[in-house]
Amino acid sequence: MKHFITRSRILITLIILVTVSISCGGGSGTTYSIEVSPTPQEGGSVSPAEGEYEEGARVEVSADPNEEWIFSSWQGDVQGTENPVVVTVDGDKVFTALFEKKTYPLNITIDGEGTVDETVIQTKNKDYEVGTTVELSANPAEGWEFVRWEGDLESSSNPEQITVNKEASVTAVFERSGF
């Protein structure tokens, strides 16, 4: 009888240990995957890019733009513009970090009378992406002549090119002819 009681205690102790082990997470909890990618790829990186996480976990995901790019927003299972973003794991998540090229304005002013034509050497818009080369042609009004460029472009050549790597301001200086 003594052996029976000892074996029963051992068996009960083992059952309790197994039950406690399972209830404390020693068993198989539900896990989900997170997959994040940058768009376009040359725009930057994300971290972590992927992983398996326990249900209920909170994961901080960062979008890190490369030089000349900015983070724009998240798209997919996570949306918004918060960066970094904290994702609560409640299912599989697939989302994208969207990046955009930085743009800068090119401000043109006129001193005297005339116009300036802007010819984009690379296709862009009025706020030019970093690295855009713009050709400026000064066109004096009748009775005026082009003298020089001032500001972020200093030259007397016409036409002249400027590469936009920051906000730039250029003044076309015209003087009356014959003075």
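Just so you know, these numbers come straight off a predicted model, no measurement behind them.

Honestly, the overall build of the protein chain in this entry has me stumped. Any pointers?
When helices and strands are tallied, the protein chain shows one helix and 14 strands. In the protein chain, which comprises 179 residues, the share counted as buried stands at 27%. Pairs at least 24 apart in sequence give 54% of the contacts found in the protein chain among residues at least 6 apart.

What's the story with the sheet that holds strand 9 (residues 114–120) in this structure? I'm lost.
Strand pairing in a sheet takes place through backbone hydrogen bonds and is either antiparallel or parallel in direction. In spatial order, the strands read 9-11-13; together these three strands make up an open sheet with antiparallel pairing. Each having just a single partner strand, strand 9 and strand 13 (160–164) make up the two edges of the open sheet. Going across the sheet, the axis of each strand differs from the next one's by a mean of 30°, ignoring polarity. Where strand 11 (residues 132–140) meets strand 13, five bridges bridge the pair, whose relative direction is antiparallel. Bridging across to strand 13, E135 finds its partner in Q161.

Any chance you could explain the packing of aromatic side chains here in plain terms?
Within a pair of aromatic rings, the relevant descriptors are the distance that separates the centres and the angle that separates the planes. This structure, assessed with the given rule, holds five aromatic pairs. Between F71 and F99, the aromatic rings sit 6.1 Å apart at their centres with planes inclined by 75°, giving edge-to-face as the arrangement. One end of the pair, F71, is in strand 5 (residues 69–76); the other, F99, is in strand 7 (residues 93–101), and 28 residues separate them in sequence. For the pair F71 and F99, one class covers both residues: buried. Between F146 and W149 the ring centres are 4.9 Å apart and the planes differ by 50°, which places this aromatic pair in the tilted class. Each member of the pair, F146 as well as W149, carries the same accessibility label: buried. The rings of F71, W74, F95 and F99 are connected pair by pair, giving a single aromatic cluster.

I'm lost on the sheet that holds strand 2 (residues 44–47) in this one. Help?
Pairing within the open sheet is antiparallel, and its three strands lie in the order 2-4-6. Of all the strands in the sheet, just strand 2 and strand 6 (85–88) have a single pairing partner and so form its edges. Neighbour to neighbour, the strand axes of the sheet diverge by 25° on average, direction disregarded. Note: strand 4 (residues 58–65) against strand 6, four bridges, orientation antiparallel. Of the residues in strand 6, the one forming a bridge with R58 is T88.

Each value, and the rule that gives it
- Residue indices follow the written sequence of each chain, beginning from 1 at its first position.
- Per-residue local features of the predicted model are confined to residues with pLDDT of at least 70, and side-chain atom pairs are confined, for both listing and counting, to 80 or more; whole-chain, interface and lining totals are unaffected and use all residues.
- No hydrogens and no water enter the side-chain calculation; it runs on all heavy atoms of the structure.
- For helices the rule is a DSSP run of H or I covering at least 4 residues; for strands it is a run of E covering at least 2, with both sets numbered from the N terminus onward.
- Think of it in three bands: with a 1.4 Å probe and only protein chains considered, a residue is buried below 20% of the maximum accessible area for its type, exposed above 50%, and partly exposed in between.
- In this description, contact between two residues means that some pair of their heavy atoms is separated by no more than 4.5 Å.
- Only strands joined by at least two bridges in the DSSP assignment are considered to pair.
- Only the stretch in contact is used when fitting a helix axis, every axis being a line fitted to C-alpha atoms; angles between N-to-C directions are given from 0 to 180 degrees.
- Here the aromatic set is Phe, Tyr and Trp, taking the six-membered ring for Trp, and pairing holds for ring centres within 6.5 Å; pairs whose planes are under 30 degrees apart are stacked, those over 60 apart are edge-to-face, and all others are tilted.

Read these as layout, nothing more, since geometry by itself doesn't imply function.
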